[in-house]
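Chain by chain, the residues run as shown.
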Amino acid sequence: MSVTIARESPRQEGVMRLLDLSDAYAGSLYPAESNHLVDLASLEKPSVSFLVARNDGAIVGCCALVEAGDGTAEIKRMFVDPQARGLRIASGLMNALEAIAREKRLTAIRLETGIYQPEAIALYRKYGYREIEPFGSYLPDPLSLFMEKQLG
């Protein structure tokens with residue numbers, strides 16, 4: 001097993017497959033108004049660092065760090081192929097995201113996740129993310145959990 005994580009374009013077949021799986025998973029848990037997914041074109045903007053995880057060359061995970069323009073960024077589209085779970089792909093993606101954020105001298109990383117995703121919530125808490133009020137353009141939603149990690 002050889003897992004690599006690198007900045008890559010989101011516009012490739014393996015990534016689009018993961019985004020489709022992510023959309024279907026979110027759609028199975030939450031109503032449309034509680035899904036805050038960004039589209040492929042949004043992931044290609046210059047303010048986005050898109051990461052791809054590969055296991056022996058196959059795309060098995062992805063995530064994006066989207067800069068807000070105020071010294072903070074948001075994690076979007078974090079997803080690991082269900083068949084690759086248990087390989088610590090999500091931890092590798094988190095470490096890579098945080099390294100990029102520190103390189104860019106960002107002050108905080110924020111995220112929105114759903115309350116029916118205990119594995120994701122546990123991962124973020126393990127990395128030191130704490131619950132906050134809605135940020136940016138988000139409105140309060142009983143199905144959403146907003147989190148932040150201050151970088152020092």
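Structure: see above.
First, a word on what this report is: a plain description of the structure on this page. Values in this document were obtained by computation on a predicted structure and should not be read as measured data.

**Considering the overall build of the chain**
Working step 1: In terms of regular secondary structure, the chain is built from 4 helices and 7 strands.
Working step 2: Secondary structure elements of the chain, listed N to C terminal, follow the sequence β-α-α-β-β-β-α-β-α-β-β.
Working step 3: Expected size for 152 residues packed as a compact globule is a radius of gyration near 15 Å; at 14 Å, the chain falls within 12% of this value.
Working step 4: Principal axes of the C-alpha set define a box for the chain whose edges measure 40 × 35 × 30 Å.

**Structural notes on the side chain of Glu98**
Working step 1: With respect to the helices and strands, the residue Glu98 is situated in helix H3 (residues 89-103).
Working step 2: By relative accessible area, which is 6% here, Glu98 ends up buried.
Working step 3: Residues within four places of Glu98 in sequence aside, it is in contact with Ile109, Tyr127, Tyr129 and Lys149.

**Considering the packing of aromatic side chains**
The relative placement of two aromatic rings is captured by the distance of their centres and the angle of their planes.
Working step 1: Applying the stated criterion across every chain yields a total of 5 aromatic pairs.
Working step 2: Taking 5.0 Å as the distance between ring centres and 65° as the angle between the ring planes, the aromatic pair formed by Phe135 and Tyr138 counts as edge-to-face.
Working step 3: For Phe135, a relative accessible area of 12% corresponds to the buried category.
Working step 4: Sitting over the ring of Phe79, Arg85 keeps its end group 5.4 Å from the ring centre.

**Here we look at the nonpolar core**
Working step 1: Judged by nonpolar contacts, the single largest core of 28 residues is most densely connected at Met94, Tyr124 and Tyr129.
Working step 2: For this core, the secondary structure elements donating two or more residues are strand E2 (48-55), strand E3 (58-67), strand E4 (72-80), H3, strand E5 (108-114), helix H4 (118-126) and strand E7 (144-150).
Working step 3: For this core, the element with the most residues is H3, which contributes 6 residues.
Working step 4: Ignoring anything within four residues of it in the chain, the contact list for Met94 reads Ile75, Met78, Leu123, Tyr124, Tyr127 and Tyr129.
Working step 5: Listed in part, the 12 residues of the second largest apolar core include Val48, Phe50, Val52 and Cys62.

**Some remarks on the sheet that holds E5**
Working step 1: An order of E1-E2-E3-E4-E5-E7-E6 is seen for the 7 strands of this open sheet, with the pairing classed as mixed. A strand with exactly one partner marks an edge of an open sheet, and here the two such strands are strand E1 (3-7) and strand E6 (130-132). When strand polarity is set aside, the average angle formed by the axes of neighbouring strands in this sheet is 30°.
Working step 2: Pairing between E6 and E7: 3 bridges, direction antiparallel. Bridge assignment links Arg130 to a residue of E7, and that residue is Glu148.
Working step 3: Across the face of the sheet, helix H1 (residues 13-29) comes into contact with E2, E3 and E4 while running at roughly 75° to E3.
Working step 4: Taken strand by strand, H4 contacts E4, E5, E6 and E7, and its axis lies near 160° from that of E5.

**Re the environment of Arg105**
Working step 1: Position of Arg105 among the secondary structure elements: in the loop between H3 and E5.
Working step 2: When the C-alpha positions of Arg105 and Gly71 are compared, they lie 7.6 Å apart, and in sequence the two are 34 residues distant.

Cut-off values and rules
Every chain is numbered independently, its residues counted from 1 as its sequence is written. The model is predicted, so local features are restricted to residues of pLDDT at least 70 and side-chain atom pairs to those at 80 or more, both for listing and for counting; the totals for chains, interfaces and linings are taken over all residues. In computing side-chain values, all of the structure's heavy atoms are included and hydrogens and water are not. Helix and strand definitions follow DSSP, with helices as H or I runs of at least four residues and strands as E runs of at least two, each counted in order from the N terminus. Here the globule rule reads 2.2 Å times residues to the power 0.38, and the radius of gyration is calculated from C-alpha atoms. Only protein chains enter the calculation, and the probe is 1.4 Å; a residue is then buried if its accessible area is under 20% of its type maximum, exposed if over 50%, and partly exposed in between. Residues count as neighbours in contact if any of their non-hydrogen atoms are within 4.5 Å of one another. Stacked, tilted and edge-to-face pairs are distinguished by plane angle, under 30 degrees for stacked and over 60 for edge-to-face with tilted covering the rest, among Phe, Tyr and Trp rings (Trp via its six-membered ring) whose centres lie within 6.5 Å. Any Lys NZ or Arg CZ that is within 6 Å of a ring centre and within 35 degrees of that ring's normal is treated as a charge sitting over the ring. Nine residue types can take part in a nonpolar core, namely buried Ala, Val, Leu, Ile, Met, Phe, Trp, Tyr and Cys, and a core is a set of them joined through side-chain atoms within 4.5 Å. Two strands are said to pair when DSSP picks up at least two bridges between them. Axes here refer to lines fitted to C-alpha atoms; in helices the fit is confined to the stretch in contact. Angles between the N-to-C directions go from 0 to 180 degrees.

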